[in-house]
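Read off the chains here:
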Amino acid sequence: MSLETWIAFVLASALVVLIPGPNIVLTINHAVRSGKRSGLATIPGISAGAFVGMSVSLMGAGAILSASTTLFTLMKLVGAAYLIWLGVSLWRAPAEGIDSNAVDQKPLKPLFWQSFLISALNPKGPAFYIAFVPQFVTLSQPVLPQFAILIATFVGVATLNTVFWLLCADGLRGLFQHPRAMRSLNRVGGGCLMAAGVLTTRVSRHS
C-alpha cells in the first residue's frame, strides 16, 4: 500500500466518523453526567466493536449478511431494539443537576459493553465496510496485510474522534449543574438514540 493511498484512507475515514452517531451520543451523555472517567470507559467498547465489525465483515460474514435477507433482518432488528431501549432508558433517567467537580465511582464494565454492542450491532456496518474499505486496496498486492492496516487505521481514527467529543463534553459539564439542563440533555440524547433505532429498521441490504 502506498503512503498516498493510506493518507487518502485516513482523510476519508476522518470525514466518515466526524458526524456524531449513537456511540458518540452515549459517550457525550456519560461524560457530562458522570465525568471523564465514565466517558473514557465507552471508548474501548467503541473501538473493540468497530474492530470486530470490520474484521468479521471483511472476512466474509458481511457478504453473507448482505446476501441473506433473514440474517440481515435479524441483525437489523436486534440492533434497532437495543438502540431504542437505550434511548428510552436515557429519556427516563433522573434529571438531577450534576456537581462538575464530583468524581464518579460507578462500575465501568457496563459502559464498555453498552458501547461495544452499539458499535458491533450496527447493521450498516457490514455493507459500509465492504463498500468503503476495498476502494483503498491494491489488488495486485496481498490483500490480507492491507486489510489489517486499514482496519487498524479506521479504528484508530474512530477512537481519536471519540476522544475529541469526550473532551468537548467534559469541558461543558459546568453547564449542566441544574436539573432542567440535565433533563434537556437526557431528552436530546435519548431522542437521538431512539431515532437512530427507528432509522435502523429502515436500512436495506443495499444501503
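On a predicted model such as this, the values are computed, not experimentally measured, just so you know.

Colleague: Now, about the packing of aromatic side chains: what can you tell me, with residues and values included?
Modeller: This model, assessed by the stated rule, comprises 4 aromatic pairs. When the ring of phenylalanine 112 is compared with that of tryptophan 113, the centres are 5.1 Å apart and the planes differ by 85°; the resulting orientation is edge-to-face. Under the relative-accessibility criterion, phenylalanine 112 is labelled partly exposed at 24%. Owing to a relative accessible area of 42%, tryptophan 113 belongs among the partly exposed residues under this scheme. Note on phenylalanine 112 and phenylalanine 116: the rings are 6.1 Å apart at their centroids and 15° apart in plane angle, and the pair reads as stacked.

Colleague: A description of the packing of helix H2 (residues 22-34) against helix H7 (residues 143-171) should follow, citing residues and the corresponding values.
Modeller: At their nearest, the axes of H2 and H7 sit 9 Å apart, and the two run at 35° to each other. Seen from above, H2 lies across H7 with right-handed handedness. The segment H2 lies against H7, with Ile24, Thr27, Ile28, Ala31 and Val32 engaging Asn161, Thr162, Trp165, Leu166 and Ala169. Of the residues belonging to the contact of H2 with H7, the class tally is 7 nonpolar, 3 polar and no charged.

Colleague: Explain a nonpolar patch on the surface residue by residue, including any values.
Modeller: Where nonpolar side chains cluster on the molecular surface, the patch consists of Met1, Leu3, Trp6, Ile7, Leu11 and Ile149 and spans about 540 Å² of accessible area. When residues in the nonpolar patch are grouped by element, the largest group, 4 residues, is from helix H1 (residues 3-18). Looking at the element boundaries, isoleucine 149 is found in helix H7.

Colleague: Give a description of the environment of valine 16 that names residues and reports values.
Modeller: Note on placement: valine 16 falls in helix H1. Overall, valine 16 belongs to the partly exposed group, its relative accessible area being 35%. Taking C-alpha positions, valine 16 is 9.7 Å from phenylalanine 154, a pair spaced 138 residues apart along the chain.

Colleague: Can you tell me about the nonpolar core, naming the residues and giving the values?
Modeller: In this structure, Phe9, Met54, Phe132, Val133, Phe136, Leu150 and Phe154 are the most contacted members of the largest nonpolar core, which totals 18 residues. Within the residue set of this core, elements represented by two or more residues are H1, helix H3 (36-67), helix H6 (124-132) and H7. Of the residues forming this core, the biggest block, 7 residues, is contributed by H7.

Colleague: How would you summarise the side chain of serine 119 if you had to cite specific residues and measurements?
Modeller: Relative to the helices and strands, serine 119 resides in helix H5 (residues 109-120). Among the polar contacts made by the side chain of serine 119, one reaches the main-chain amide nitrogen of alanine 50 at a distance of 3.0 Å. Ignoring sequence-local partners within four residues, the contact set of serine 119 consists of Asn23, Gly45, Ile46, Gly49 and Ala50.

Colleague: Tell me about H1, residues and numbers included.
Modeller: Relative to the 22 Å expected for 16 residues at 1.5 Å per residue, H1 spans 22 Å between its end C-alpha atoms, a close match to the ideal helical length. Taken together, the buried positions of H1 are occupied by Phe9, Ala12, Ser13 and Val17. One side of H1 carries all its buried residues, which in axial view fall inside an arc of 125°. Facing away from the buried side of H1, by more than 90 degrees, are the exposed residues Leu3, Glu4, Leu11 and Leu15.

So, how was this worked out
Residues numbered from 1 in each chain as written. Predicted model: local features only at pLDDT ≥ 70, side-chain atom pairs only at ≥ 80, totals over all residues. Heavy atoms only, no water. Phe/Tyr/Trp six-rings, centres within 6.5 Å; stacked < 30°, edge-to-face > 60°. Buried < 20%, exposed > 50% of the residue type's maximum accessible area, 1.4 Å probe, protein only. Axes fitted to C-alpha atoms, helices over the stretch in contact; angles between N-to-C directions. Helix = DSSP H or I, 4+ residues; strand = E, 2+ residues; numbered from the N terminus. Left-handed = near helix turned anticlockwise from the far one by under 90°. Contact = heavy atoms within 4.5 Å. Nonpolar A, V, L, I, M, F, W, Y, C, P; charged D, E, K, R; others polar. Patch = residues over 30% accessible without salt bridge, like charges linked within 9 Å, V, L, I, M, F, W, Y side chains within 5 Å. Areas by Shrake-Rupley, 256 points an atom, 1.4 Å probe, with all protein chains shown as cover. Salt bridge = Lys/Arg side-chain N within 4 Å of Asp/Glu carboxyl O. Core = buried A, V, L, I, M, F, W, Y, C linked by side-chain atoms within 4.5 Å. Polar contact = N/O pair within 3.5 Å; in protein donor to acceptor, adjacent residues only side chain to side chain. Expected span 1.5 Å × (residues − 1). Arc of directions from axis to C-beta.

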